[in-house]
Amino acid sequence: MLNRKQELKKWFIDHSDVTPAMLAEDYGKTTTVAYGYLYHHPSAPKEFLDVCDRRGVPSKLLPPPTRTKGELLKEVEMLRCENAALKESCGGSLCPEQSSA
């Protein structure tokens, strides 16, 4: 079974009318940047993924969208609140771990 990157390489071979260089040009960046997003980075900017979508690259072959700073800050705040509630429910200290014996 092929992984996402292998499938993507195969897709580009089968669809020679679309290239990473074209995606880079449409995105306004270098081909190196496009290759990085396609094959090396764990995520890619939504704007780049939109370019890929317009060119017909299947979304299942692309990395997930990069989360915005606002999204990350919201998650951190939520985790802080959950942590504070957990700490309070344990009397202000860490809850003892359950014994597996």
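This structure is a prediction, so every number in the text was calculated from the model and none was measured. (Residues numbered from 1 in each chain as written. Predicted model: local features only at pLDDT ≥ 70, side-chain atom pairs only at ≥ 80, totals over all residues. Heavy atoms only, no water.)

A. Here's a closer look at the state of the cysteines. Summed over the entire model, instances satisfying the criterion amount to 0 disulfides. Free cysteine: Cys 81, not disulfide-bonded; nearest cysteine sulfur from Cys 90 at 16 Å. (Disulfide = S-S within 2.5 Å.)

B. Broad picture of the side chain of Ser 43. Secondary-structure assignment places Ser 43 in the loop between α3 (31-40) and α4 (46-54). Here the side chain of Ser 43 touches Thr 66 through a polar contact of 2.8 Å, side chain to side chain. Ser 43 has contacts with Tyr 37, Pro 63, Pro 64, Pro 65 and Thr 66, leaving out every residue within four places of it along the chain. (Helix = DSSP H or I, 4+ residues; strand = E, 2+ residues; numbered from the N terminus. Polar contact = N/O pair within 3.5 Å; in protein donor to acceptor, adjacent residues only side chain to side chain. Contact = heavy atoms within 4.5 Å.)

C. The arrangement of the nonpolar core in detail. Within the largest apolar cluster, 18 residues are counted, with the highest numbers of intra-cluster contacts made by Leu 8, Phe 12, Leu 23, Leu 38, Phe 48, Cys 52 and Val 57. Those elements that provide at least two residues to this core are α1 (4-14), α2 (20-27), α3 and α4. Ignoring any residue separated from it by four or fewer positions in sequence, one finds Phe 12 in contact with Val 18, Thr 19, Pro 20, Leu 23, Leu 38 and Tyr 39. (Core = buried A, V, L, I, M, F, W, Y, C linked by side-chain atoms within 4.5 Å. Buried < 20%, exposed > 50% of the residue type's maximum accessible area, 1.4 Å probe, protein only.)

D. Structural context of α4. Buried within α4 are the following residues: Phe 48, Leu 49, Val 51 and Cys 52. Angular distribution of buried residues about the axis of α4 spans 155 degrees; they occupy a single face of the element. Along α4, the residues that are exposed and aim more than 90 degrees away from the buried face are Glu 47, Asp 53 and Arg 54. One or two steps after α4, the chain reaches Gly 56, where phi turns positive at roughly 95 degrees. (Arc of directions from axis to C-beta.)

E. Seen up close, the packing of aromatic side chains. On inspection of all chains with the given rule, the structure shows 5 aromatic pairs. Consider the rings of Trp 11 and Phe 12, whose centres lie 5.4 Å apart with planes at 80 degrees: the pair is edge-to-face. The exposure class of Trp 11 is buried, given its relative accessible area of 11%. Taking the relative accessible area as the measure of exposure, Phe 12 reaches 9% and is therefore buried. Where Tyr 37 meets Phe 48, the ring centres are 5.3 Å apart and the plane angle is 50 degrees; that geometry is what we call tilted. You can see Tyr 37 sitting in helix α3 and its partner Phe 48 sitting in helix α4, a full 11 residues away along the chain. Assigned by exposure class, Tyr 37 and Phe 48 land together as buried. (Phe/Tyr/Trp six-rings, centres within 6.5 Å; stacked < 30°, edge-to-face > 60°.)

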